[in-house]
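For reference, the chains in residue letters:
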Amino acid sequence: MGRQRARPDPGAVTRRELATGRRRIASGLLLLLAAAGWSVAAYYLWQTSVPDLHLPHVAAGDVLAPGTLRTARRVDRLLRIDTLLSQLVLLAAFAVYARYGARLTRESAAGRIGTGMLLAMLGFGVAWLAQLPFGLVALWWERSHHLSRVGYFTWIVGSWSTLGGTFLFICAAILIVMAVARFLPGSWWLVGAPLFAALALLQAFAQPYITPSLHPLADPALRADANTLAKADGLPPIPVFVQDVHLETTAPNAEAMGLASSRRIVLWDTFLGGRFDRRQLRVVLAHELGHLARDHILREVGWYALFAFPEAYLIAYATRRRGGMFEPTAVPLALLVFVGMQLAVQPVHSLISRHLEAEADWIAIETTRDPVGARSLFVRLAATSAVDPSPPTWDYVLYEGHPTIAQRIAMVEAWSARQRAGALRRSREAVSGRSRQARSARLPGAVVG
Amino acid sequence: MSGHPVRLRLNDDLRRMRLAVFFRLILAIPHYLWYWAWTALALVATILNWVSTLILGRPPRPLFRFLAAYTRYTVHFHAYLFLIGDEYPGFTGRNGRSPVDVEIAEPTRQGRLGVFFRLALAVPAFLVASALAGPSTNAVTRASPYLTSVGVAGGVLVTVAFLGWFSSLVRGRMPEGMRNLGAYVLLYVAQLDAYLFLLTDRYPDAAPAPGAISLSTAGNPVSLVNEAEARRSRLTVLFRVLLALPHLVWSALWGVAAIAAAFASWAAALLTGRVPRPLHEFVERFVRYQVHVQAFLYLLANPFPGFSGRVESYPVDLPPIPREVQRRPATAVRIVLAYPALLLSGALNWLLMTCAVLLWFVGLTLGRAPESLQRAGCFALRYWAQTLAYTLLLTDRYPYSGPWAGNEPVPIPAQ
């Protein structure tokens, strides 16, 4: 008598289907909850103190003289095309690397994580090589318009050094991801994303201490202005530093950095030396203090954390066919997904950045109450940086991390209009209040309420 | 070094007359004058030789003999000056009159293209010769967080002479390793001279004998295994320094622990005469890891090393070092005793870096590493490993600086 094949237990099949179904429902519910949580967090991060404004139209010709405007547009045109091409080439380089990069595992005698580090570093090395010509073109263009003073060799050496920093960072990132993926092959992203957010927080805190060429602002009047403006923002006195960049560039810039006790404002020395007057510099200080007053750096870390989860998940999903992130051969593909996502969400990042910068502008105008100084600052920035006051829409959407100069001036004018409207309303209220008092005084037995 | 038409002959018994050593620089004054005068003539002769060889395809015999004698004289003179030999040299450069001598094979036909571009072709060899024989006034620190020796370590030859002077005065002998190291430098410079003077079209060979790398000779248990392939990945060569960054960071962190362990080893060795096994193995692994990283950084090997210093995990490797009894008096003053070796290691580091620079260019263009440079670099690395092992109490055998043991280089089998 032959052996009979065991028939599947219908009950077991049903139980399996039920378990799968339950898992799917649970996953769906978790996803919904996560999306809801994400949305709530994004909503609160998005909130700013900028009221609804009807921004008037400001023409580029109202900002810059025709000759200066032509120059600014010419400068910007090549730079934005160069940037776009550079990013396309970057994506192509990573795509090629994702296809062939795994072959480089033979160049490693290290273990899995060490090999993963090597592949990650080489990926960024290939990308650096691919983007090098575009960087040199941009440098040549900036030098020819006297915006940059950096020599070609110095630029390459500096870029090389920056690549070294990138290598160290990517090694740390790969170490974290692969170490976590070893124990949580399918769900490493759940642990990895918060870890990276924590690193971003640490980096934000440490930034003032690792930025080179900083020295305290010497001008006592400006320091006093900074303290006054900080007090108006409800901040303690914030140290103001100057970064020496005049040997590299003529463009002015400033930034707020740090968290909690490490908060700083950094002015490039290209702002000083009489290029900008005190009123304009007050607006700059007020703008940077506005970032600190509204915790923009912390919010940026928050946004980073929000995007880190879906990005890490996508990397985990994309690399599962290559064995997951504990396999070094998955690293080239992970790099492609990572870079691709960064480029894909760049418009969103630019939007968020513009949103925060607009709030900083608003706070600057509110605390300085100097629309003339603010307007003149923005006009001067456009002229000294050869910036197109109203760039093309595609460039604005993709790359502009600040409102355009035209928009910033429009905000100043909107603020002025609000002030005028407010003053008119107050004077009308004052007049009507006096009239009511007068009428009440003429009526016997009247009670003034 | 074997198979090259310029070969070394050593007939030195290592004994040095203290009085002559003390006044060596002054005694050499007549030779300075004669050397510079002969050098001026040799330059003229070289130009004539260059023209003649371009026309005839081989150097004319009178010019060949003149320049060969000059080359030999240079070796005799510098061997005396730098304490590689002890007999006062003659002024004629005659063959067989000095304990340190070179034999130059008879001239052969030379390609005219190579003759025409001889000076340009010799540039890489110049760089190696500068690292070996060129004095430098830079204060050199062997860049590592756990070794803080600073010394004037110029060319290798100057350092050998500097240390050998003290040793010869005290002991009346030149240490064999340093004598052989000095002879290796003189031989390389002689080969370069012969190449430049068109006595041969064979490129100078920087490689010490193959046995030098494993070097369990002279009783030193610290050896190096060199199984590196010649192939180099151009991509990793281009980014080599940057790729080594994570290893340098890990090295620094591990180095802190290794120094602490070495200090504990020192205390234990003073008390018990031996380093405890766990400490020995921990420090040994660290030294091995350093060898792997240095080999990668200086392009002596191709693959990216691991982070654990595991034995047999890398083509340039450090075999296990046996745990031996350590003499207490030497252990007590180990860091002081190690200073000369650290100085010499710093000088050899210039050779290592020069080889690395040349390996970088060749690796990028040809995708391979010339064996000569790779082995020269491994030789320098081996000495550095021995010095580190000695300093960190893995062994109490003093590092051996010679590329070979005894009086003659080990012949290289034909390839």
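About the thresholds
- Residues numbered from 1 in each chain as written.
- Chains lettered and ligands numbered in written order.
- Predicted model: local features only at pLDDT ≥ 70, side-chain atom pairs only at ≥ 80, totals over all residues.
- Heavy atoms only, no water.
- Contact = heavy atoms within 4.5 Å.
- Buried area = accessible area lost by both parts, 1.4 Å probe.
- Salt bridge = Lys/Arg side-chain N within 4 Å of Asp/Glu carboxyl O.
- Helix = DSSP H or I, 4+ residues; strand = E, 2+ residues; numbered from the N terminus.
- Expected span 1.5 Å × (residues − 1).
- Buried < 20%, exposed > 50% of the residue type's maximum accessible area, 1.4 Å probe, protein only.
- Patch = residues over 30% accessible without salt bridge, like charges linked within 9 Å, V, L, I, M, F, W, Y side chains within 5 Å.
- Areas by Shrake-Rupley, 256 points an atom, 1.4 Å probe, with all protein chains shown as cover.
- Phe/Tyr/Trp six-rings, centres within 6.5 Å; stacked < 30°, edge-to-face > 60°.
- 1 Å grid on protein atoms, 1.4 Å probe; cavity = no way out; pocket = protein on both sides within 12 Å on 5 of 7 lines; lining within 4 Å.
- Points joined across faces, edges and corners; volume = space filled by probe spheres on them.
- pLDDT = per-residue confidence, 0-100.
- Pairing = 2+ DSSP bridges.

Trainee: Quick one: what's the story with the interface of chain A and chain B, residue by residue and with numbers?
Mentor: Accessible area lost upon the coming together of the parts serves often as the stated size of an interface. Facing 21 residues of chain A, the contacting portion of chain B comprises 19 residues. Across the chain A/chain B interface, buried area totals approximately 1700 Å², and carbon plus sulfur atoms make up 80% of it. Area buried by chain A at its contact with chain B is led by Glu107(A), Ala109(A) and Trp160(A), which between them contribute 33% of it. Across the contact surface, chain A and chain B share one salt bridge. For the salt bridge of Arg231(B) with Glu107(A), the shortest nitrogen-to-oxygen distance reads 3.1 Å. Contributing elements (two or more residues each) for the side of chain A that touches chain B: α4 (112–144) and α5 (152–183) of chain A. The element contributing the most residues to the side of chain A that touches chain B is α4(A), with nine residues.

Trainee: How would you sum up helix α17 (residues 371–391) of chain B? Please name residues and give values.
Mentor: All names here are of chain B. Taking 1.5 Å per residue as the helical rise, α17 with its 21 residues ought to reach 30 Å, and the 30 Å between its terminal C-alpha atoms agrees with that figure. Taken across its 21 residues, α17 has 19 buried, putting it largely inside the fold. Downstream of α17 by one or two residues, leucine 393 has phi in the positive range, about 65 degrees.

Trainee: Before we move on, can you summarise the pattern of salt bridges with the specific residues and values?
Mentor: Side chains bearing opposite charge may pair, as long as their charged atoms lie close to each other. All names here are of chain A. Inspection of the entire model under this criterion finds 26 salt bridges over all chains. For the salt bridge of arginine 80 with aspartate 76, the shortest nitrogen-to-oxygen distance reads 3.6 Å. Of the two residues, arginine 80 and aspartate 76 both sit in helix α3 (residues 66–100), four residues apart, roughly one turn of that helix. Ionic pairing is found between arginine 80 and aspartate 395, a salt bridge with its closest N-O pair at 3.7 Å. Taken together, the residues span a long stretch of sequence, with arginine 80 in helix α3 and aspartate 395 in helix α13 (residues 393–399) at a distance of 315 residues.

Trainee: Which residues make up a nonpolar patch on the surface, and what values do they have?
Mentor: Residue and element names in this part refer to chain B. Nonpolar side chains collect at one region of the surface, where Met17, Leu19, Phe22, Phe23, Leu25, Ile26, Leu27, Ile29, Leu33, Trp34, Tyr88 and Phe91 lie side by side and expose about 1200 Å² of accessible area between them. Contributing elements (two or more residues each) for the nonpolar patch: α1 (18–22), α2 (24–27) and α3 (29–56). Structurally, leucine 33 can be placed in helix α3.

Trainee: Quick one: what's the story with the packing of aromatic side chains, residue by residue and with numbers?
Mentor: Going through the model one piece at a time under the given rule, you end up with 42 aromatic pairs over all chains. Measuring from ring centre to ring centre gives 4.8 Å for Phe271(A) and Phe276(A), while their planes differ by 65 degrees; the resulting arrangement is edge-to-face. Both residues of the pair, Phe271(A) and Phe276(A), belong to the buried class. Relative to Phe282(B), the ring of Trp254(B) lies with its centre 6.3 Å away and its plane at 55 degrees, an arrangement referred to as tilted. With Trp254(B) in helix α13 (residues 245–272) and Phe282(B) in helix α14 (residues 277–297), the pair connects residues that are 28 residues apart, well separated along the chain. Chaining the aromatic ring pairs together yields one cluster made of Tyr32(B), Trp34(B), Tyr35(B), Trp36(B), Trp38(B), Phe66(B), Tyr70(B), Tyr73(B), Phe77(B) and Phe197(B).

Trainee: Kindly report on the layout of surface pockets, identifying the contributing residues and their values.
Mentor: Residues and elements named next belong to chain B. Size it by volume and the second largest pocket reaches roughly 690 Å³. Lining the second largest pocket we find 30 residues, and of these Phe126, Leu192, Asp193, Leu196 and Phe197 sit closest to its centre. Among the secondary structure elements, those contributing two or more residues to the lining of the second largest pocket are α3, α4 (61–81), α5 (112–116), α6 (118–121), α7 (123–133) and α9 (176–196). Among the elements that take part in the lining of the second largest pocket, α3 stands out by supplying seven residues, more than any other.

Trainee: Break down the confidence of the model for chain A for me, with residues and values.
Mentor: Should the pLDDT be low somewhere, the predicted coordinates at that spot are not to be read in detail. Across chain A, pLDDT averages 90, with 95% of residues at or above 70. For residues 445–449 of chain A, every residue scores under 50 in pLDDT, and the model assigns this stretch two contacts once sequence neighbours within four places are set aside.

Trainee: With reference to specific residues and values, describe unusual backbone geometry.
Mentor: Residues and elements named next belong to chain A. Despite not being glycine, serine 213 has its phi angle at roughly 60 degrees, a positive value. Counting through the fold element by element, serine 213 comes out in the loop between α6 (188–210) and β1 (214–216). Its identity is not glycine, yet alanine 260 carries a phi of approximately 50 degrees, on the positive side.

Trainee: An account of the confidence of the model for chain B is needed here, citing residue identities and associated values.
Mentor: All names here are of chain B. With 90% of its residues at a pLDDT of 70 or more, chain B has an overall mean of 88. Element-level pLDDT for chain B is lowest in strand β3 (residues 139–141), with a mean of 32, against a maximum mean of 97 in α14. Note on residues 136–153: pLDDT under 50 across the span, and 45 contacts to partners over four residues away in sequence or across chains. Confidence metrics for the complex model read pTM 0.86 and ipTM 0.85.

Trainee: Give me the lowdown on the pairing of strand β2 (residues 100–104) of chain B, citing residues and values where you can.
Mentor: All names here are of chain B. Of all five residues making up β2, four are buried, and the element is well covered by its neighbours. Looking at chain direction, strand β1 (residues 6–10) and β2 are connected through five bridges and run antiparallel. Bridged to leucine 10 within β2 is valine 100.

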